[in-house]
Amino acid sequence: MTGLATRALVVITVVYPVLGCTDNPSRPKPVTRGAQSGGVGALLGKGRIRAARPASAMVLGLVTGKRDGQGRPVRVACQTCHQKIVSANADVYRKADASFHANIKLRHGRKTCRTCHRLPYFTDFNLADGTPVPHGDVKILCGQCHARRLLEYENGAHGGMTGYWDRRQGERQRNHCLDCHNPHSPGIPLVRPAPRARNRRLR
Amino acid sequence: MSSDTSSSAKTSTAPGTASEAGLSHWVAYVRFLWRSVLLATDGTLLFYAWMTVLTAVAFVGANAWAQQVAEGMALTNMSNQVSWGLYIANFTFVVGVAAGGVMMVIPAYLYRDERMHAVVIFGEMLAIAAIIMAMLFVTVDLGRPDRFWHLVPGVGQFNFPWSMLTWDIIVLNIYLLLNLHIVGYLLYMRFLGRAPAPRWYVPFVVISIAWAISIHTVTAFLYAGLGGRPFWNTALLAPRFLASAFISGPAFLIIALTVVGRFTTFKIDRRPLGTLVSILKVTTLLNLFMVVSEVFTEFYSGTHHTASARYLFLGLDGHTALVPWIWIAIGLNVVAAALFLYPGTLKNRRILVSACVMTFIGCWIEKGMGLVVPGFIPSALNEIVEYQPSVIEWRVTAGIWAFGLIVYSAAIKVAIPILTGEARATDGDNGR
Amino acid sequence: MDDETRKSLQDEAVDDPGSDNPGSDDPGSDNPTRRRMLKAAGATAWFGALGYSLWPMRKYIKNLDQDELLRDHYKELSVADKKRIFAAIEKKTEREYGAKVRVSDPPPMPGVKYGYALNLTTCIGCRKCVEACRVENNHDRTDMQSYIRVFEIENMGLDISKGRLDYDHPVPVKGRRYFPVQCQHCDNPPCVSVCPTKATWKEPDGIVAIDYSWCIGCRYCAAACPYQARFFNWRKPRIPANEVNPDQGYLSNRVRPVGVMEKCHFCLHRVRRGKFPACLEACPAGARVFGNLRDPKSEIRWVLENRRVFILKEEQATKPSFFYFLAE
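Residues numbered from 1 in each chain as written. Chains lettered and ligands numbered in written order. Predicted model: local features only at pLDDT ≥ 70, side-chain atom pairs only at ≥ 80, totals over all residues. Heavy atoms only, no water.

## Focus: the overall build of chain A
For step 1, the next point in the chain: Scanning chain A from N- to C-terminus turns up seven helices and nine strands.
For step 2, the next point in the chain: A total of 203 residues make up chain A; the buried ones form 43% of that total.
For step 3, the next point in the chain: In chain A, 55% of the contacts between residues at least 6 apart in sequence involve partners at least 24 apart.
For step 4, the next point in the chain: In the form shown here, chain A has an accessible surface area of approximately 11000 Å², with 57% of it arising from carbon and sulfur atoms. (Helix = DSSP H or I, 4+ residues; strand = E, 2+ residues; numbered from the N terminus. Buried < 20%, exposed > 50% of the residue type's maximum accessible area, 1.4 Å probe, protein only. Contact = heavy atoms within 4.5 Å. Areas by Shrake-Rupley, 256 points an atom, 1.4 Å probe, with all protein chains shown as cover.)

Listed below in structure tokens is the structure:
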């Protein structure tokens, strides 16, 4: 549970500001309840995951680890630095990483920031061939390598969802890639399993 | 009982004591039943003591069952994995006893062995008592005994012919009626001092022989038809059930007849006993042979499906709860089989009875705990949950056995004076 | 019989002090009135003892109301019957559990047959489905009952027979796979054929349902099921009032009576209103795919047509509506 919560926190506070996400355009767009205001509404409650549209990177930002007087985490908008730092050479990145990007551990194959992040602001993306990817279409970005997953996702065979199987009767909320996977470290984090069904005679 | 009265009523056209006295069989049969009740409740101090002890045990069982009903089956040690336990184990076994009880009939009627006739009635009465026990064992195993009426054809929903349990209900009830009719008719005729008319009992006797085989076959099919339980899913199950039925029935009869001979004036010939022992000679060996066949098939192939057999005989992953049970059973059966083969056994009543007791207990374990429980271990999804009966289960089981013995003792108590001619229809019974 | 034996048998009989004349059929052999009175007293004591021994059952009998005792099979109930029975169940649940609930019975939708597929590549074994099932379906909280079990197996092969159910370490463990099993809603269900009272049957939309008011609790279905998917109510379910799910279906998640079978029903009260089953919604890995097998455009059909799908215990010929697949 703590693992999941941490992951959700990372996704909500770190990933969303940096990356964008929308729903699969080929299917009717789900309406997210209670999450209209932004990523803050993406709650992980009662075992359910509701898809949320990411907040603008302007509103949220990198968690600094500090808290303000009311106990809320202090965030720094990405633009604060990335408007100025146009090119991210290794040295600058490393220095910045030590102070600001402590939460971002890049464990995603042999990738660098620039594999996905687009200059100048790092809030938009580019495909491997340099084609810009709009903020919301990040799953195309993932799909460059994970084409089969994307295919499964688009056909409803991958990714959690809630709501109605019968779309004539109601809406359906679908998770996005980043609801479950941290793009910087997409390996599934360990979670403590819920208690199992006990046998009446086996305690 | 309706079949008895109706069939006997039809005989009233024939000249007989009752009709001569202008008394219909309806009245005479009721008087016969009342007389039977009096006979069954009257006896020596020893008889009263015996019945009191049995009644006390039966009430302890009834009390345990009442608790189980009130609190739920949680008082038993059964689980979602081992969903049948001691009750169904006993059910399976006593159905065998019921079938075996009628084994006396085959030499008596098919081979016209006149001397067997006197003891046939004891076998039929054993069948009655055992069927009643079987029904009680099923009842106490039900989670909702208050919904028993759902099983009544016409009133409830009877899933016939798909469910083997409905077949079992049908064959057991008909078997009970058959035996009630045969015993009731033969005793009634003896009571009236008339020779029984063959057409009113011989056809039923022949049917009951086939039926005895059918009840245990159907009971075996209850298990053998379940593809998800490889331990039971074997064609050898019905023959094995029959073999052990034809051990437990005759073995119990030998014990019962010995006790009867000891405590009453009714003495049995050695000849029928010899026939019973000859049956036992064959069936104990046949039963062991089939156990060996099963064991070989299971252990030599060694597939996944043999996990239950491994659990039963050797234990599985350190779980060995049933291992002592089955080896005790096999030990008892082997010793008993050897004793039956030894010619001196028939001459020495003590050895004969101990051999019978041994093989009876051996079959009880083998066809009960050794057959029903390992079918569930490991479960269909390979979980190992062990099972040992709880105190409540033991009490209920003891209670039902006590009740079965009460029924059998009372039946013998009624039958003996009628068979020896001590109890006869008097003038009062024949109408005034 | 040779004379010797007969003699010895008779000797035995004579030697025994207990065996006087058992054939004495005359009840008044010594003192008729005394005897009769003793017998009457004995009979009274007998009935007294019987009553005393069955006394613990009064609690059970008191809890039985006539309506419940004589309630008809689900398929025989009229609309008015259902209305009355549902109201009675709602009242009883409030009385016994202190929770206000609504019992309903959504009918099967025409042209719908449910199918369920589970992606074994993505399942992480977190047992969120197990928990969601417990919450949704009013399971006993003391036994932590649930319709779903999750096996932890080695990655090599898909053999659940060596799987473990009792893992409690953080998941997913590298090199292991997680294999949830629940009712497979077979098209050829052995549990349905063996039921002696037709208390369980296959609904038109493929759900294998149980009438909790009709089951007699013989547990034959539990013996017949090759998936260990049937569970017995060994005692009355214990659920705190605030945890009782008030949205209840007559054939699905209403609080079960003691002594009857229960099993996964694909969240009948949800799916027949178009919603996903609770276990699917709870799955954080998105390993579960649910839908209408008769709809060629449904997700479940895409899985069946485009992925390597297998069923559990195919050799049992049960034809499950539950499928497993591995992502490619």
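More follows now that the structure is in view.
## Points about helix 6 (residues 147–154) of chain A
Two residues of an α-helix separated by three or four positions point the same way, owing to the 3.6 residues in each turn.
For step 1, the next point in the chain: Three or more residues of helix 6 of chain A are buried, namely A:Leu150, A:Glu152 and A:Tyr153. Looking straight down helix 6 of chain A, one finds that the buried residues subtend no more than 160 degrees of arc, so they occupy a single side.
For step 2, the next point in the chain: Each element contacted by the buried residues of helix 6 of chain A is listed here: helix 5 (138–143) and strand 9 (172–174) of chain A together with strand 2 (114–119) and helix 11 (299–306) of chain C.
For step 3, the next point in the chain: In the stretch just after helix 6 of chain A, A:Gly156 is the one whose phi turns positive, near 75 degrees. (Arc of directions from axis to C-beta.)

## Considerations on the interface of chain B and chain C
For step 1, the next point in the chain: Opposite the 77 residues of chain B that make contact, chain C presents 80 residues.
For step 2, the next point in the chain: Counting the surface chain B buries against chain C, the share from its top three residues, B:Asn80, B:Gln157 and B:Leu381, is 12%.
For step 3, the next point in the chain: At the boundary of chain B with chain C, the tally comes to six salt bridges.
For step 4, the next point in the chain: Across the pair B:Arg144 and C:Glu68 runs a salt bridge whose closest N-O atoms are separated by 3.8 Å.
For step 5, the next point in the chain: On the surface where chain B and chain C come into contact, there are 38 residue pairs in polar contact (both at pLDDT 80 or more).
For step 6, the next point in the chain: Elements with a contribution of two residues or more to the side of chain B that touches chain C: helix 3 (25–40), helix 4 (45–71), helix 8 (164–192), helix 9 (202–224), helix 10 (237–263) and helix 16 (391–419) of chain B.
For step 7, the next point in the chain: For the side of chain B that touches chain C, the leading source of residues is helix 4 of chain B, giving 12 residues.
For step 8, the next point in the chain: Here the residues of the side of chain B that touches chain C are counted per class, giving 33 nonpolar, 27 polar and 17 charged. (Buried area = accessible area lost by both parts, 1.4 Å probe. Salt bridge = Lys/Arg side-chain N within 4 Å of Asp/Glu carboxyl O. Polar contact = N/O pair within 3.5 Å; in protein donor to acceptor, adjacent residues only side chain to side chain. Nonpolar A, V, L, I, M, F, W, Y, C, P; charged D, E, K, R; others polar.)

## Some details on the sheet that holds strand 2 of chain C
Hydrogen bonds along the backbone pair up the strands of a sheet, which may run parallel or antiparallel.
Residues and elements named next belong to chain C.
For step 1, the next point in the chain: Ordered in space as 10-2-12-11, the four strands form an open sheet in which the pairing is mixed. Taken across any chain shown, the strands that pair with only one partner, and hence form the sheet edges, are strand 10 (288–292) and strand 11 (309–310).
For step 2, the next point in the chain: Of the pairings in the sheet, the one linking strand 11 to strand 12 (residues 322–325) comprises two bridges and is antiparallel in character. Paired with Val309 across the two strands is Phe325, which belongs to strand 12.
For step 3, the next point in the chain: Contacting strand 2, strand 10, strand 11 and strand 12, helix 11 crosses the sheet at an angle of about 110 degrees to strand 10. (Pairing = 2+ DSSP bridges. Axes fitted to C-alpha atoms, helices over the stretch in contact; angles between N-to-C directions.)

## Examining the side chain of B:Thr92
All names here are of chain B.
For step 1, the next point in the chain: Counting through the fold element by element, Thr92 comes out in helix 5 (residues 86–101).
For step 2, the next point in the chain: A distance of 2.7 Å separates a polar atom in the side chain of Thr92 from the backbone oxygen of Ile88.
For step 3, the next point in the chain: Apart from residues lying up to four places away in sequence, Thr92 is in contact with His216, Thr219, Tyr223, Phe241, Lys367 and Val372.

## Description of a nonpolar patch on the surface
For step 1, the next point in the chain: Together, B:Leu46, B:Val259 and B:Phe263 make up a nonpolar patch on the protein surface, roughly 230 Å² of accessible area in all.
For step 2, the next point in the chain: Residue position: B:Val259 is located in helix 10. (Patch = residues over 30% accessible without salt bridge, like charges linked within 9 Å, V, L, I, M, F, W, Y side chains within 5 Å.)

## Comments concerning the pairing of strand 4 (residues 176–181) of chain C
All names here are of chain C.
For step 1, the next point in the chain: Burial within strand 4 is extensive, with five of its six residues counted as buried.
For step 2, the next point in the chain: Summarising the sheet, strand 3 (residues 149–154) and strand 4 pair through six bridges and their orientation is antiparallel. The residue bridging Glu152 from the neighbouring strand is Tyr178, located in strand 4.

## Focus: the environment of C:Arg308
Residue and element names in this part refer to chain C.
For step 1, the next point in the chain: Locating Arg308 in the fold gives a position in the loop between helix 11 and strand 11.
For step 2, the next point in the chain: The class for Arg308 is exposed, based on a relative accessible area of 67%.
For step 3, the next point in the chain: With residues near it in sequence (within four places) discarded, Arg308 still touches Tyr324, Phe325, Leu326 and Glu328.

## Details of the pattern of salt bridges
For step 1, the next point in the chain: Counted under the stated rule, the structure contains 38 salt bridges over all chains.
For step 2, the next point in the chain: Where B:Asp141 meets C:Arg219, a salt bridge forms, and the shortest distance between an N and an O atom there is 2.6 Å. One end of the pair, B:Asp141, is in helix 7 (residues 117–141); the other, C:Arg219, is in the loop between strand 6 (208–210) and helix 8 (220–224), on a second chain.
For step 3, the next point in the chain: Judged by relative accessible area, which is 2%, B:Asp141 ranks as buried.
For step 4, the next point in the chain: For C:Arg219, a relative accessible area of 0% gives the class buried.
For step 5, the next point in the chain: The partner of C:Arg272 in a salt bridge is C:Asp205, and the shortest N-O contact between them spans 2.7 Å. Note that C:Arg272 is positioned in the loop between helix 9 (268–271) and helix 10 (278–282) and C:Asp205 in the loop between strand 5 (200–202) and strand 6, a separation of 67 residues in sequence.
For step 6, the next point in the chain: With relative accessibility at 5%, the residue C:Arg272 sits in the buried group.
For step 7, the next point in the chain: Bridged by salt links that share partners, the residues B:Arg144, B:Asp146, C:Glu68 and C:Lys92 form one connected network.

## Some remarks on the packing of helix 3 of chain B against helix 8 of chain B
For any two helices packed against each other, one specifies the inter-axial angle together with the distance between the axes.
All names here are of chain B.
For step 1, the next point in the chain: Contact geometry of helix 3 with helix 8 gives a least axis separation of 11 Å together with a crossing angle of 95 degrees. If you check the angle between helix 3 and helix 8, you find them roughly perpendicular. For the pair helix 3 and helix 8, the contacting residues are His25, Ala28, Tyr29, Phe32 and Arg35 in the first and Gly184, Leu187, Tyr188, Met189, Phe191 and Leu192 in the second.
For step 2, the next point in the chain: Residue classes in the contact of helix 3 with helix 8 are distributed as eight nonpolar, two polar and one charged. (Parallel < 35°, antiparallel > 145°, perpendicular 65-115°, else oblique.)

## Let's talk about the sheet that holds strand 6 (residues 124–126) of chain A
Residue and element names in this part refer to chain A.
For step 1, the next point in the chain: The three strands lie next to each other as 5-6-7, forming an open sheet whose pairing is antiparallel. Each edge of the sheet is formed by a strand with only one pairing partner; in this case those strands are strand 5 (117–118) and strand 7 (132–133).
For step 2, the next point in the chain: In the sheet, strand 5 pairs with strand 6 via two bridges, with the strands oriented antiparallel. From the neighbouring strand, His117 faces strand 6, where its bridge partner is Phe125.

## What to know about the packing of aromatic side chains
For step 1, the next point in the chain: Here the structure, examined in full by the defined rule, presents 47 aromatic pairs over all chains.
For step 2, the next point in the chain: Measuring from ring centre to ring centre gives 5.3 Å for C:Tyr114 and C:Phe290, while their planes differ by 20 degrees; the resulting arrangement is stacked. Of this pair, C:Tyr114 sits in strand 2 while C:Phe290 sits in strand 10, placing them 176 residues apart in sequence. Neither C:Tyr114 nor C:Phe290 differs from the other in exposure class; each is buried.
For step 3, the next point in the chain: One Lys or Arg, B:Lys413, reaches over the ring of B:Phe47 and ends 5.1 Å from the middle of that ring. (Phe/Tyr/Trp six-rings, centres within 6.5 Å; stacked < 30°, edge-to-face > 60°. Lys NZ or Arg CZ within 6 Å of the ring centre and 35° of its normal.)

## A look at the side chain of C:Arg288
Residues and elements named next belong to chain C.
For step 1, the next point in the chain: Position of Arg288 relative to the elements: it lies in strand 10.
For step 2, the next point in the chain: There is a polar contact of 3.1 Å between the side chain of Arg288 and the side chain of Tyr116.
For step 3, the next point in the chain: One polar contact links Arg288 to Gln182, side chain to side chain, over a distance of 3.0 Å.
For step 4, the next point in the chain: In this structure Arg288 touches Tyr116, Ala117, Leu118, Cys129, Ile148, Pro180, Gln182, Cys279, Leu280, Cys283 and Phe322, once residues within four positions along its chain are discounted.

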